[in-house]
Amino acid sequence: MIAGNLHKIAGSLPQGITLVAVSKFHPADAVSEAYDAGQRVFGESRVQEITAKAPLLPADTEWHFIGHLQTNKVAQLLRVSNLSLIHSIDSDRLLRMVDREAAKIGKTIDVLLELHVADEETKSGFTVTELEQWMRDRRFETLQATHIRGVMGMATNTDDAARIRADFRSIRSCYDRIIHEIAPDLRRFDVVSMGMSHDYPIAIEEGATMVRVGTSIFGERTY
Ligand SMILES: *Cc1c(COP(=O)(O)O)cnc(C)c1O
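These notes cover the structure that comes with them. (Residues numbered from 1 in each chain as written. Predicted model: local features only at pLDDT ≥ 70, side-chain atom pairs only at ≥ 80, totals over all residues. Heavy atoms only, no water.)

## With respect to the site of the ligand
Part 1 of the argument: In the vicinity of the ligand, the contacting residues are V22, K24, I66, M152, M154, M196, S197, R212, V213, G214, T215 and R221.
Part 2 of the argument: Taking K24, its side chain carries an N or O atom lying 2.7 Å from an oxygen atom of the ligand.
Part 3 of the argument: Within the contact set of the ligand, an oxygen atom lies 2.8 Å away from a backbone nitrogen or oxygen of G214.
Part 4 of the argument: Contact with the protein chains removes 90% of the 390 Å² of surface that the ligand exposes when unbound.
Part 5 of the argument: Classifying every residue of the shell around the ligand by side-chain character gives six nonpolar, three polar and three charged. (Near = heavy atom within 4 Å. Polar contact = N/O pair within 3.5 Å; in protein donor to acceptor, adjacent residues only side chain to side chain. Areas by Shrake-Rupley, 256 points an atom, 1.4 Å probe, with all protein chains shown as cover. Nonpolar A, V, L, I, M, F, W, Y, C, P; charged D, E, K, R; others polar.)

Structural data, given as structure tokens:
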């Protein structure tokens with residue numbers, strides 16, 4: 001079932017879009033099944049879980065962290081081998097902590113800055129205004145061990161497709177302003193991570209370069 005789902009979704013994505021298979025709350029066996037079907041990039045949202053699963057998969061598996069990251073878990077997360085991208089940097093303070101801890105262990109880590117555009121208090125991240133100001137102030141210049149690869153965001157959790165589309169459009173247009181106007185000298189700032197199982201087709205239409213799909217690949221999660 002996992003292989004079938006994966007082939008269907010991967011086959012429907014336009015060229016150049018990275019599929020992150022979100023395996024949180026699913027056992028390593030399920031991840032292995034997806035790996036055997038050809039998937040190499042997996043997303044996890046809890047430090048403990050990624051720490052436990054990563055060693056069980058082959059060395060060419062790429063791990064992305066997509067969940068809320070607590071500052072006291074940063075050091076542990078950075079020690080996960082094959083951790084290739086942190087999507088969920090939601091504050092300058094967290095970014096500084098990741099940078100410091102990565103420098104300490106001699107690692108360079110790619111990250112995305114999380115944008116809050118959804119109409120929900122529960123979601124975290126920079127507002128569009130905050131992130132654009134942050135870029136204008138060139139706060140990235142002092143980073144030593146962190147490379148900002150782009151932005152990540154979530155749409156409002158709603159059935160209103162127009163609202164979802166508007167949220168994705170805000171994320172993409174913030175990215176476009178940064179790369180075209182505010183900080184055109186940023187290197188390899190090329191990722192727009194948005195879209196989940198129920199809304200990734202809209203995200204792609206609105207300019208996602210990376211989608212994070214869990215349920216449609218692995219089935220419902222049991223928490
Ligand atoms: C769980 C999660 C996903 C995947 O959600 P599905 O609805 O299962 O596809 C994507 N992004 C983030 C940040 C998540 O926490």
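## Examining unusual backbone geometry
Part 1 of the argument: Positive phi is not limited to glycine here, since F25 has a value of about 70°.
Part 2 of the argument: Relative to the helices and strands, F25 is located in the loop between β1 (18-22) and α2 (28-36).
Part 3 of the argument: For F25, a relative accessible area of 24% corresponds to the partly exposed category.
Part 4 of the argument: Not every positive phi belongs to a glycine, and N82 is a case in point at roughly 70°.
Part 5 of the argument: Topologically, N82 is positioned in the loop between α4 (74-78) and β4 (83-89). (Helix = DSSP H or I, 4+ residues; strand = E, 2+ residues; numbered from the N terminus. Buried < 20%, exposed > 50% of the residue type's maximum accessible area, 1.4 Å probe, protein only.)

## Side note on the pattern of salt bridges
Part 1 of the argument: Scanning the entire structure with this criterion turns up 20 salt bridges.
Part 2 of the argument: The salt bridge involving K53 is made with E49; its shortest N-O contact spans 2.8 Å. Within this pair, K53 and its partner E49 are both found in helix α3 (residues 47-53), separated by four residues, close to a single helical turn.
Part 3 of the argument: Residue E206 pairs with R165 through a salt bridge whose shortest N-O separation is 2.8 Å. With E206 in the loop between α8 (200-205) and β8 (210-213) and R165 in helix α7 (residues 161-182), this residue pair connects regions lying 41 residues apart in the sequence.
Part 4 of the argument: By relative accessible area, E206 is classed as buried at 11%.
Part 5 of the argument: A network of salt bridges, in which partner residues are shared, links E44, R46, E49 and K53. (Salt bridge = Lys/Arg side-chain N within 4 Å of Asp/Glu carboxyl O.)

## Structural notes on the side chain of T61
Part 1 of the argument: You can see T61 is positioned in the loop between α3 and β3 (62-65).
Part 2 of the argument: A distance of 2.8 Å separates a polar atom in the side chain of T61 from the backbone oxygen of P58.
Part 3 of the argument: Those residues within four positions of T61 in sequence are excluded, and the remaining contacts are Y35, R40, F42 and N82. (Contact = heavy atoms within 4.5 Å.)

## Description of the pairing of β3
Part 1 of the argument: Both strand β2 (residues 41-44) and β3 contribute to a ladder of four bridges, which runs parallel. Across the sheet, the residue bridging to G43 is H64, located in β3.
Part 2 of the argument: Handedness of the β-α-β unit built from β2, α3 and β3 comes out right-handed.
Part 3 of the argument: Across three bridges, β3 lies against β4 in parallel orientation. Paired with H64 across the strands is L85, a residue of β4. (Pairing = 2+ DSSP bridges. Right-handed = clockwise from strand over helix to strand, strands pointing away.)

## Observations regarding the packing of helix α6 (residues 128-136) against α7
Part 1 of the argument: Viewed as axis vectors pointing N to C, α6 and α7 meet at an angle of 15°, and their least axial separation amounts to 11 Å. One element, α6, and the other, α7, form an angle in the roughly parallel class. Helix-helix and strand crossings are classified by hand; for α6 and α7 the assignment is right-handed. Taking contact as the criterion, the partners of V128, L131, E132, M135 and R136 in α6 are, on α7, S170, C174, R177, I178 and I182. (Axes fitted to C-alpha atoms, helices over the stretch in contact; angles between N-to-C directions. Parallel < 35°, antiparallel > 145°, perpendicular 65-115°, else oblique. Left-handed = near helix turned anticlockwise from the far one by under 90°.)

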